[in-house]
Amino acid sequence: MTEDQEYIYDSLVSQIKMGFFPIDEIKDMIWEQVEDEGMEDDISEKWVNKTIDAEFKKHQEASKIWKSPTDTERLVKAFNELSKSNIIALHNAGYTTSEGEYEVVEVEIELRKQQVQSDGYCFYHQQDLERAIDPDSRNLMIAFQKIDNSDDAVTIEVGKKVAEKLKDNGFEIIWDGTALTKIEIPNFDWQKVYSDSDEDLLNHNRVLPFMVL
């Protein structure tokens, strides 16, 4: 592969391993990336589509020997339980921390329309997820806070709830107990294959039924 192809290959493999988008959508996203970065002379749409098909098939085959519950399944369970305890817990929320915070506010707006106010929130964003699927890092960082809060003691209480729920679901965590540090789950083995039959974790309003009685 050329240097450009290696770059695009890493990008498409990451999207496949994340498991949030169907193949056709990944093909569109990756080809758009090729065009945006002016790589059409070196990379053809046929190469992109063929490579995605092959890598998705490889990922599906690998998934057949995964042991259930996977770390990803346990994380979904922990986040559902947090939402049931009035903590907004979002998966793959935006690409950066600020985008994740925006997604949280959008959910909070919907909650308040139904006369409910959250006690806090937590999330990981796509950059966090990219580090989790990187074999050289394999850590997942979880942000936490409460909306419209500037009291560190309140923030820390949210962090304690998130940390406790993660530990209840079998995760080792690294956190110094302060308001300024994210919670880290080391040695996280992200395992997810996209399926049309799976719940859409990117639909962040999915937490509303957990939080509105």
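See above for the structure.
As the structure is a prediction and not an experimental result, all values here were calculated from the model.

Quick notes on the rules
- Residues numbered from 1 in each chain as written.
- Predicted model: local features only at pLDDT ≥ 70, side-chain atom pairs only at ≥ 80, totals over all residues.
- Heavy atoms only, no water.
- Salt bridge = Lys/Arg side-chain N within 4 Å of Asp/Glu carboxyl O.
- Helix = DSSP H or I, 4+ residues; strand = E, 2+ residues; numbered from the N terminus.
- Buried < 20%, exposed > 50% of the residue type's maximum accessible area, 1.4 Å probe, protein only.
- Phe/Tyr/Trp six-rings, centres within 6.5 Å; stacked < 30°, edge-to-face > 60°.
- Lys NZ or Arg CZ within 6 Å of the ring centre and 35° of its normal.
- Axes fitted to C-alpha atoms, helices over the stretch in contact; angles between N-to-C directions.
- Parallel < 35°, antiparallel > 145°, perpendicular 65-115°, else oblique.
- Left-handed = near helix turned anticlockwise from the far one by under 90°.
- Contact = heavy atoms within 4.5 Å.
- Nonpolar A, V, L, I, M, F, W, Y, C, P; charged D, E, K, R; others polar.
- 1 Å grid on protein atoms, 1.4 Å probe; cavity = no way out; pocket = protein on both sides within 12 Å on 5 of 7 lines; lining within 4 Å.
- Points joined across faces, edges and corners; volume = space filled by probe spheres on them.

Novice: What is the right way to look at the pattern of salt bridges in this model?
Specialist: Any two side chains of opposite charge can pair, on the condition that their charged atoms come close. For the structure shown, the criterion picks out 12 salt bridges. For Lys165, the salt bridge goes to Glu81, with nearest N and O atoms at 4.0 Å. Of the two residues, Lys165 sits in helix 7 (residues 152–168) while Glu81 sits in helix 4 (residues 71–84), which places them 84 residues apart along the sequence. For Lys165, a relative accessible area of 21% puts it in the partly exposed group. The exposure class of Glu81 is partly exposed, given its relative accessible area of 22%. Through salt bridges with shared partners, a single network forms among Lys77, Glu81 and Lys165.

Novice: Would you mind showing me how to read the packing of aromatic side chains here?
Specialist: The geometry of an aromatic ring pair comes down to the distance between the two centres and the angle between the two planes. Applying the stated criterion across every chain yields a total of seven aromatic pairs. Aromatic pair Phe79 and Tyr124: ring centres 6.0 Å apart, planes at 50°, arrangement tilted. Remark: Tyr124 occurs in the loop between strand 2 (121–123) and helix 6 (126–133) and Phe79 occurs in helix 4; sequence separation between them is 45 residues. Tyr124 matches Phe79 in its accessibility class, with the two residues each being buried. Through successive ring pairs, a cluster of aromatic residues spans Phe20, Phe79, Tyr124, Phe171, Phe188 and Trp190. In this structure, Arg74 packs its charged tip against the face of Phe171, placed 4.3 Å from the ring centre. A cation over an aromatic ring shows up here: Lys192 above the ring of Phe20, its NZ or CZ 5.0 Å from the ring centre.

Novice: Where do I start with the packing of helix 2 (residues 23–36) against helix 3 (residues 45–63) in this structure?
Specialist: Packed helix pairs are specified by the crossing angle of their axes together with the interaxial distance, meaning the distance between the axes. As a packed pair, helix 2 and helix 3 sit with axes 10 Å apart at the nearest point and diverge in direction by 140°. Put simply, helix 2 runs oblique to helix 3. When you trace helix 2 past helix 3, the crossing you get is right-handed. Along the contact surface, helix 2 presents Ile23, Ile26, Lys27, Ile30, Trp31 and Val34, while helix 3 presents Glu45, Val48, Asn49, Ile52, Asp53 and Phe56. Here the residues of the contact of helix 2 with helix 3 sort into eight nonpolar, one polar and three charged.

Novice: What should I look at first to understand the layout of surface pockets in this one?
Specialist: The probe, sized like a water molecule, is rolled over the atoms to show the empty space still left. Of the voids in this model, the largest pocket is the one considered here, and its volume is about 260 Å³. What lines the largest pocket is simply Trp66, Ser68, Thr70, Thr72, Glu73, Val76, Gln191, Lys192, Val193, Asp198, Glu199 and Leu201. For the lining of the largest pocket, the residue count by class is four nonpolar, four polar and four charged. As a volume, the second largest pocket reaches approximately 210 Å³. Tyr7, Asp10, Ser11, Ser14, Gln15, Met18, Met29, Ile30, Gln33, Gln126 and Glu130 are the residues that line the second largest pocket. Elements with a contribution of two residues or more to the lining of the second largest pocket: helix 1 (3–18), helix 2 and helix 6.

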